[in-house]
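# Examination of the molecular architecture
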Amino acid sequence: MPSSWSRRRFLQGSTATALALGAVSTASIPAAAAATSGDEFSTLRLKWRDLILGTAFDPASEPFRTQLATLGTTAAGHLAAMAPATGSLWPDLIWADPEPDTDAESYTYSSKISGSYSRLGTLAQAYAQPGTGLTGDPTLLNAVVTGLDHLNSQVYNENTVRYGNWWDWQIGAPQSLMDVCVIMYDALTDTQITNYCRAVDTFVPDSAVAEYTGTSTGANRVDLCRAMMVRGVVGRSPEKITLARNALSPVFPYVTTGDGFYADGSYIQHTSIPYIAGYGTVLNDGLGRLFALLRDSSWEVTDPNSTLFLDTVEKAVAPFLYNGVIMDNVAGRGISRGSSDDHTRAHGLLGSILLLGQGASPEQEARWRALVKGWLERDRHEPATSNLSLSITRLAPLRALLADTSVEAAPEPVEHRIFAGMDRVTHRRRGWAASLSMASKRIAHYEYGNGENARGFHTGAGWLSWWGDDFGETQYSDAFWPTVDPYRLPGITASRKPLADGEGGNWGNPKPDTAWVGGTTDGEYAAVGQHLKGLSSTLSARKSWFFLDDAVVCLGAGICAADGYAVETTIDNRALGASGLLALTVDGVLQPNDQGWTRQFTKAGWAHVEGHAGYVFPGGARVNAVREERTGAWRDINTGGSPDPLTRRYLTLWTDHGFTPANSGYAYVLMPGASAKATAHRAHDAGRLKILANTARRQGVQCPQLGLTAVNFWEPGSLGRLTAGAPAAVLVREHRDGTATMCVADPAREATSLEVIWHRPVREVLSRSPAVASVRTGHGLKVTFGDLTGTAGATHTVKVRLG
């Protein structure tokens with residue numbers, strides 16, 4: 001292959017080259033065809049081709065006609081710009097690194113290798129798909145084959161020493177390369193196939209999956225297996241397929257530390273980052289494809305632990321999907337990418353769930369299809385079935401499901417879930433849902449890497465996000481992350497001490513040295529707490545959230561800092577879009593809606609934001625409010641983002657704790673979806689909620705109407721009718737049938753023994769968790785636990801009949 005290439009010579013020679021390859025038909029290339037040889041490798045190759053290109057869609061109907069035309073337009077642009085030269089295939093994708101190593105600069109160069117293969121993938125799909133305007137085009141075919149040879153001879157071969165980002169060499173490049181080989185298989189010679197497979201073997205050797213560690217875990221392991229497995233299909237190697245299939249097995253079992261799924265539904269990647277909406281999505285998609293590929297073959301996945309992974313759809317993924325949104329607090333640095341948002345990130349995941357369902361039991365698949373249909377129907381802001389950025393392989397099944405009248409949409413559940421393995425919480429009620437994001441010595445404040453998510457540093461400081469069934473759907477979707485004040489995320493307590501972009505360092509994943517983070521739940525209500533320590537500051541606080549039927553009680557105490565910067569708790573920060581003017585009412589008085597307006601209320605009793613929520617301040621509180629327009633660009637938080645300025649409006653409520661707070665606190669009740677009238681009524685209903693304590697030692701509430709008492713014991717002590725002999729989260733709920741449930745957790749995972757007493761007559765014990773060592777009934781309920789340090793912060797329950 002020459003190091004430079006004449007564009008004119010390429011065009012003149014393309015037709016002859018394609019004729020020689022026997023692939024000049026301008027008719028639509030079929031998505032699948034009968035394997036002429038009848039061998040299993042051909043069957044697998046054609047099956048993978050279908051998984052890449054999609055099946056069962058009408059190319060002449062919308063939106064597929066538009067998608068295919070767009071694909072053709074994109075491919076035509078790439079074809080016109082393609083100019084093979086030494087160190088590049090396209091002038092804007094130069095991979096020749098003058099100083100190859102593993103620094104950030106070399107990352108940029110290596111990304112151009114995977115980027116070049118990705119563009120060849122676009123060309124190959126435009127050639128193979130019907131209705132692109134380039135279907136079966138011989139010039140396009142020749143360009144793809146020439147490009148493959150150019151990359152192989154110049155950079156992606158057994159003689160090249162890897163530089164830059166490992167991902168480009170082991171996942172990005174080989175995946176795209178093998179996909180192109182599958183699509184264009186009949187146009188490639190045996191020598192070309194051998195050369196390309198040898199290159200993949202060089203950078204994805206058997207040793208890449210020999211141990212489940214480092215970059216070969218979780219979603220990365222699945223991606224490595226995909227590259228190796230498809231290479232086995234293309235290169236007709238049963239050994240490679242077997243090795244790749246077997247190497248999936250470590251992904252299936254639940255983990256107790258590090259990357260992977262946990263028994264409680266948590267998913268971690270990069271050691272300490274909650275990532276269900278990022279790497280977890282990649283893992284779901286990857287395994288879904290591989291399960292589908294191998295089904296009914298000699299290499300079908302039969303590991304019994306694979307059922308554990310299938311269970312994660314409902315245990316881990318579904319709790320973070322709400323009305324077609326995948327919550328941002330499990331998306332890692334992905335929140336800083338302007339090319340997607342919480343709606344669009346969910347769309348691909350919904351398609352992956354349908355694909356994965358093909359490998360599940362009939363009962364599971366039926367439940368998943370009902371769940372997905374419900375999310376599709378309820379996403380009125382950005383319907384997935386209108387998302388033209390989705391691949392045809394994802395869009396076609398979603399549209400088919402939506403039209404399938406035999407599937408009844410499942411409603412959103414009413415439940416509370418604590419994901420102790422990743423310091424996340426979800427609370428779902430009829431009409432709204434909320435999620436809480438925290439950090440501990442186990443889970444990082446945030447993730448910064450590859451120049452992404454430069455200002456996400458306070459997303460683990462008690463960020464309380466929430467959505468309504470028909471309100472607040474765009475809170476995080478409309479340029480929120482580049483325009484919001486990163487020191488005023490909803491619910492957080494943070495110092496205004498200026499932090500550098502990427503504070504903590506590239507891939508630093510900074511974590512606080514606090515252990516008491518988590519809580520306890522009965523599956524409907526919950527007591528959750530966070531011992532907060534600020535990132536790169538002296539800030540310390542005890543924060544608690546009590547999740548109830550129509551509200552979240554938010555308490556803060558022991559707030560201290562000595563950095564000389566203001567410390568604030570953000571009650572809420574509502575995104576109003578580019579021109580929003582939602583009314584703010586405080587204690588019955590409508591406030592001005594002028595931009596730039598600000599005011600401090602010295603003793604506010606309640607506030608209400610039109611169409612969103614009510615806020616009650618028990619006993620009155622000093623509350624600040626501001627309406628502001630903020631301008632930012634995606635480039636500000638992601639070096640790969642657009643530099644175009646964006647302006648959005650915000651209405652912010654916060655409490656100012658001062659420059660050097662010493663034992664400061666706050667208390668407010670968030671009521672999503674409440675009317676102004678309901679908020680005012682709650683503010684004057686003294687019997688509905690009682691705050692039992694709000695100190696650095698104990699925080700607790702009582703709600704007689706719900707029969708609920710909940711306390712976070714930061715240290716041993718008593719509050720109301722409850723006593724705890726060690727730090728713990730305790731929730732007791734009395735039921736109308738004369739029974740009661742006590743729920744206890746050791747969020748810090750440090751209690752070698754624990755005794756909890758409820759000073760209330762109890763007749764008998766109906767059930768108890770295995771962690772309960774003994775129970776004494778009578779004039780009170782005394783529950784004794786053994787060593788809880790190994791129970792991962794889980795909730796332990798005792799159900800009793802009252803005396």
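A brief structural summary.

The rules behind these values
Residue numbers here run from 1 along each chain, matching the order of that chain's written sequence. Per-residue local features are limited, in this predicted model, to residues with pLDDT of at least 70; the limit for side-chain atom pairs, both in listing and counting, is 80 or more; totals at the level of whole chains, interfaces and linings are taken over all residues. Excluded from the side-chain calculation are hydrogens and water; included are all heavy atoms of the structure. Helix and strand assignments follow DSSP, with helices taken as H or I runs no shorter than four residues and strands as E runs no shorter than two, numbered in order from the N terminus. Relative accessibility decides the category of a residue: with a 1.4 Å probe and only protein chains considered, values under 20% of the type maximum give buried, values over 50% give exposed, and everything between is partly exposed. The contact definition used throughout considers only heavy atoms, calling two residues in contact when any of these lie within 4.5 Å. Accessible surface area values rest on a Shrake-Rupley calculation with a 1.4 Å probe, where residue burial reflects the displayed protein chains alone. The rule is short: rings of Phe, Tyr and Trp, with Trp giving its six-membered ring, pair when the centres are within 6.5 Å, and they are stacked under 30 degrees, edge-to-face over 60, tilted in between. Charge-over-ring placement is defined geometrically: NZ (Lys) or CZ (Arg) within 6 Å of the ring centre, and within 35 degrees of the ring normal. When DSSP locates at least two bridges between a pair of strands, those strands are taken to pair. Cavity and pocket criteria rest on a 1 Å grid covering protein atoms alone: a 1.4 Å probe that fits but cannot get out defines a cavity, protein on both sides within 12 Å along at least 5 of 7 lines defines an open pocket, and an atom within 4 Å of a point defines a lining residue. Grid points are joined across faces, edges and corners, and a volume is the space filled by probe spheres set on the points. As a working rule, the residues Ala, Val, Leu, Ile, Met, Phe, Trp, Tyr, Cys and Pro are called nonpolar, Asp, Glu, Lys and Arg charged, and the rest polar, with Gly in that last group.

## Here we look at the overall build of the protein chain
In terms of regular secondary structure, the protein chain is built from 17 helices and 33 strands. Expressed as a percentage of its 803 residues, the buried residues of the protein chain come to 61%. Relative to all contacts within the protein chain whose residues are 6 or more apart in sequence, the contacts with residues 24 or more apart total 69%. In the structure as shown, the protein chain presents an accessible area of about 29,100 Å², 50% of it carried by carbon and sulfur atoms.

## With respect to the packing of aromatic side chains
Applying the stated criterion across every chain, the model contains 25 aromatic pairs. Clustering of aromatic rings is evident, with ring pairs tying together Trp463, Trp467, Tyr476, Phe480, Trp481 and Tyr650. One cation-aromatic arrangement involves Arg119 over Trp90; the distance from NZ or CZ to the ring centre is 5.3 Å.

## Quick word on the pairing of strand S6 (residues 415-419)
Here S6 lies mainly inside the structure; five of its five residues are buried. With burial as the criterion, each face of S6 is covered, one bearing Glu415, Arg417 and Phe419 and the other bearing His416 and Ile418. Examined bridge by bridge, S6 and strand S7 (residues 424-429) share five bridges and lie antiparallel to one another. What sits directly across from Phe419, in S7, is Arg424.

## Some thoughts on empty space enclosed by the protein
Inspection of the entire model under this criterion finds five cavities of 30 Å³ or more. By volume, the largest cavity amounts to about 130 Å³. What lines the largest cavity is a set of 16 residues, among which Asn329, Gly332, Arg424, Tyr446 and Thr459 lie closest to the centre. When the residues that make up the lining of the largest cavity are grouped by side-chain class, the tally is seven nonpolar, five polar and four charged.

## Brief notes about the pairing of strand S11 (residues 517-521)
Counting buried residues in S11 gives five out of five residues, a clear majority hidden from the surface. Covered by surrounding structure in S11 are Val517, Gly519 and Thr521 together with Gly518 and Thr520, the residues of both alternating faces. Summarising the sheet, S11 and strand S12 (residues 526-533) pair through five bridges and their orientation is antiparallel. Residue pairing in the sheet places Gly519 in a bridge with Val528 of S12.

## A word on unusual backbone geometry
Between Glu62 and the following residue, Pro63, the backbone shows a cis peptide bond with an omega angle of 5 degrees. Within the element layout of this structure, Pro63 appears in the loop between helix H2 (40-53) and helix H3 (64-81). Even without glycine at this site, Arg236 takes up a positive phi of about 55 degrees. Examined against the element boundaries, Arg236 turns out to sit in the loop between helix H8 (218-234) and helix H9 (238-246).

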